[in-house]
Amino acid sequence: MAPVSPTVPEVETFRRIVVKIGSSLVVDGEGIRTAWLDALAADLAGLRDGRDLLVVSSGAIALGRGVLSMRAGPLKLEESQAAAAAGQVALAGAWAETLARHGLTAGQVLLTLGDTEERRRYLNARSTIGTLLRLGAVPVINENDTVATSEIRYGDNDRLAARVATMVGADLLVLLSDVDGLYTAPPKADPAARHLPLVERVTPAIEAMAGAAGSDLSRGGMLTKVEAARIATAAGTTMVIASGHELHPLRRIAEGARCTWFTADTSPTRARKTWISGHVETRGALTVDAGAVGALRRGKSLLPAGVRDVSGRFERGDAVAILGPDGDEIGRGLVAYDAADATRIAGCNSRQIETILGFAGRAEMIHRDDMALRGE
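The structure contained in this document is the topic of the report that follows. Because the structure is a prediction, the values reported are computed rather than measured.

Focus on the overall build of the protein
Alright, step 1. Within the protein one finds 14 helices and 17 strands.
Alright, step 2. Taking 2.2 N^0.38 as the reference for a compact globule, 376 residues should give roughly 21 Å; the C-alpha atoms of the protein span a radius of gyration of 22 Å, in line with that estimate.
Alright, step 3. Projecting the C-alpha coordinates of the protein onto the three principal axes gives extents of approximately 65 × 45 × 40 Å.
Alright, step 4. Taken over 376 residues, the protein has a buried fraction of 50%.
Alright, step 5. Considering only contacts in the protein between residues 6 or more positions apart, those separated by 24 or more positions represent 73%.
Alright, step 6. Carbon and sulfur atoms provide 51% of the accessible area of the protein, an area that totals close to 17000 Å².
Alright, step 7. Of note, the protein has its 43 positive side-chain charges centred 3 Å away from the centre of its 45 negative side-chain charges.

Right under this line is the structure:
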């Protein structure tokens, strides 16, 4: 393996990795680039041991245009949606077959902007992806172009990938594209442009270096990649931009191929807890008993059995204050139940939830990952 600069992270050190793939890497004029996709799947299989892997894959519309023999040039909204509908079937099938050859199971997830912006839908999407990972699958995620319109869509998978990475608490986001990183100026326009191997902070000067889209199949460009870096690093996710043109692109990054790393100042867990504790308005409160306080201090989740009182008008996913027996706030968290349901199950054993509510809700009132205690 080629030597790696001590200031540049190493792929092997990360435990939850999101890999975003641009359209021009997955699809060419003849359809799926099967040899390339197989090489990438081999890379993913090589990274699998002890790691969670997710893929954000472009290519549905580009592939669907060929499947439906559509005309060249810009498409109307309904034509793009039709292309996505046909292309997504072929794209999902290609991913499932390719990953299976390397012992991996694919799970398709289609998201819209609202799924990562609206709290309840965000929690549902996060739970589904988390369950797929827990069951050993590789979620293959794309924007749901079949129903998305210009007003309710991301429009590029760079920013979608960044939001997915922050949603699942990934510590690394890999953007594979048709460029090998960020330059001080668009290299096609400026032969003197200098490649930047490491960006420690996304500043206005860094954003000003971004250029336009790089290919006819791509809807993004360097600007969207830098915006993705800003989103990801603020949430504690390190990001890397690398070329995906060669076979085995992930292996090439690990071996020191030219790319640009954007480092995060904190971890995803710490960034999330900071957001919960200081940047979320509470909509209610849960008063807990002394036993629950002790359990929370030991790193446990808040179970319904430890809740003595519920106040406020909140919905699932809202932030609530956690109060000790004396009424002092000991922390905050994102609650798993609406106020009415939380009131009904407060003080009860988690095994009673289905009997009381009529559905099998979560065992925790607030999961440890969605909680920030004072003094942490």
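Next comes the rest of the description.
Some words on the side chain of aspartate 370
Alright, step 1. As for its placement among the helices and strands, aspartate 370 is situated in the loop between α14 (353–357) and β17 (371–373).
Alright, step 2. Separated by 3.2 Å, the side chains of aspartate 370 and arginine 126 make a polar contact.
Alright, step 3. Residue contacts for aspartate 370: discarding those within four places in its chain leaves Arg126, Arg272, Ile276, Arg332, Gly333 and Leu334.

Concerning the pairing of strand β11 (residues 238–243)
Alright, step 1. For β11, a buried count of five out of six residues is recorded, marking the element as mostly surrounded by other parts of the structure.
Alright, step 2. With six bridges joining them, strand β7 (residues 172–177) and β11 adopt parallel strand pairing. Residue leucine 176 lies in a different strand from β11, and its bridge partner there is alanine 242.
Alright, step 3. Here β11 runs beside strand β12 (residues 259–262); their pairing, made up of four bridges, is antiparallel. Bridging from a neighbouring strand, isoleucine 241 pairs with threonine 260 of β12.

Side note on the sheet that holds strand β15 (residues 319–323)
Alright, step 1. A sheet is described by the order of its strands in space; here five strands give the open sequence β14-β13-β15-β16-β17, paired in mixed fashion. Edge positions in the open sheet fall to β14 (307–312) and β17, since each of these has one partner strand only. Across this sheet, the average inter-strand angle for adjacent strands is 20°, counted without regard to direction.
Alright, step 2. Where strand β13 (residues 282–288) lies against β15, four bridges are found, and the strand directions are parallel. Considered in β15, the bridge of leucine 286 is made with isoleucine 322.
Alright, step 3. Sheet strands in contact with helix α11 (residues 268–278) are β16 (329–334) and β17, and its direction is about 115° off that of β16.

So, the sheet that holds β11
Alright, step 1. In spatial order, the strands read β5-β6-β4-β1-β7-β11-β12-β10; together these eight strands make up an open sheet with mixed pairing. Lying at the two open borders of the sheet, with one neighbouring strand each, are β5 (105–111) and β10 (198–199).
Alright, step 2. Note that β10 and β12 share two bridges and pair parallel. Residue pairing in the sheet places valine 199 in a bridge with phenylalanine 262 of β12.
Alright, step 3. Its contacts with the sheet place helix α4 (residues 77–101) against β1 (16–21), β4 (52–57), β5 and β6 (137–143), and it is angled at close to 155° to β5.
Alright, step 4. The strands that helix α9 (residues 222–234) touches are β7, β11 and β12; relative to β11, the one it contacts most, it runs at about 155°.

Remarks on the environment of isoleucine 231
Alright, step 1. With respect to the helices, strands and loops of the structure, isoleucine 231 is situated in helix α9.
Alright, step 2. The sequence separation of isoleucine 231 and leucine 373 amounts to 142 residues, and the corresponding C-alpha distance is 25 Å.
Alright, step 3. With residues near it in sequence (within four places) discarded, isoleucine 231 still touches Arg159, Ala162, Arg163 and Thr166.

Brief notes about helix α3 (residues 60–67)
Alright, step 1. Looking at α3, one finds that the buried residues are Ala60, Ile61, Ala62, Leu63 and Gly64.
Alright, step 2. Buried residues along α3 sit in contact with β2 (27–28), β3 (31–32), α4 and β6.
Alright, step 3. Trailing α3 by a residue or two, serine 69 shows a phi angle of about 50°, which is positive.

Some words on the pattern of salt bridges
Alright, step 1. For the structure shown, the criterion picks out 14 salt bridges.
Alright, step 2. Between lysine 20 and aspartate 158 there is a salt bridge; the shortest N-O distance is 3.0 Å. Remark: aspartate 158 occurs in helix α7 (residues 157–168) and lysine 20 occurs in strand β1; sequence separation between them is 138 residues. For the pair lysine 20 and aspartate 158, one class covers both residues: buried.
Alright, step 3. A salt bridge links glutamate 207 to arginine 230, with the shortest nitrogen-to-oxygen separation between them at 3.6 Å. Taken as a pair, glutamate 207 in helix α8 (residues 204–208) and arginine 230 in helix α9 lie far apart in primary sequence, 23 residues in all.

Quick notes on the rules
Position numbers for residues count from 1 along each chain, tracking the sequence in the order it is written. Reporting in this predicted model follows two pLDDT cut-offs: at least 70 for local features of residues, and 80 or more for side-chain atom pairs to be given and counted; totals over whole chains, interfaces and linings ignore these cut-offs and use all residues. Hydrogens and water are ignored here; the side-chain numbers use all heavy atoms of the structure. Think of it this way: any DSSP run of H or I at least four residues long counts as a helix, any run of E at least two long counts as a strand, and we number them from the N terminus. Each radius of gyration is computed over the set of C-alpha atoms, and the globule rule expresses the reference value as 2.2 Å times the number of residues to the power 0.38. Exposed residues in this analysis have more than 50% of their type's maximum accessible area, buried residues have under 20%, and partly exposed residues fall in between, with area computed by a 1.4 Å probe over protein chains only. It only takes one pair of heavy atoms within 4.5 Å for two residues to be counted as in contact. Only the protein chains shown count as cover for residues, and all accessible areas are computed by the Shrake-Rupley method using a 1.4 Å probe. Within this scheme the basic residues Lys and Arg register as positive and the acidic residues Asp and Glu register as negative, but His and the chain ends are omitted. Think of each charge as sitting on NZ of Lys, CZ of Arg, CG of Asp or CD of Glu. We call two N or O atoms a polar contact when they sit within 3.5 Å, provided that within protein one can donate a hydrogen and the other can accept it, with sequence-adjacent residues counted only if both atoms are side-chain atoms. Note: two strands are recorded as paired if DSSP finds a minimum of 2 bridges between them. Comment: axis = line fitted to C-alpha atoms, over the contacting stretch for helices; angle = value between 0 and 180 degrees taken between N-to-C directions. Salt bridges are counted wherever a side-chain nitrogen of Lys or Arg sits within 4 Å of a carboxyl oxygen of Asp or Glu.

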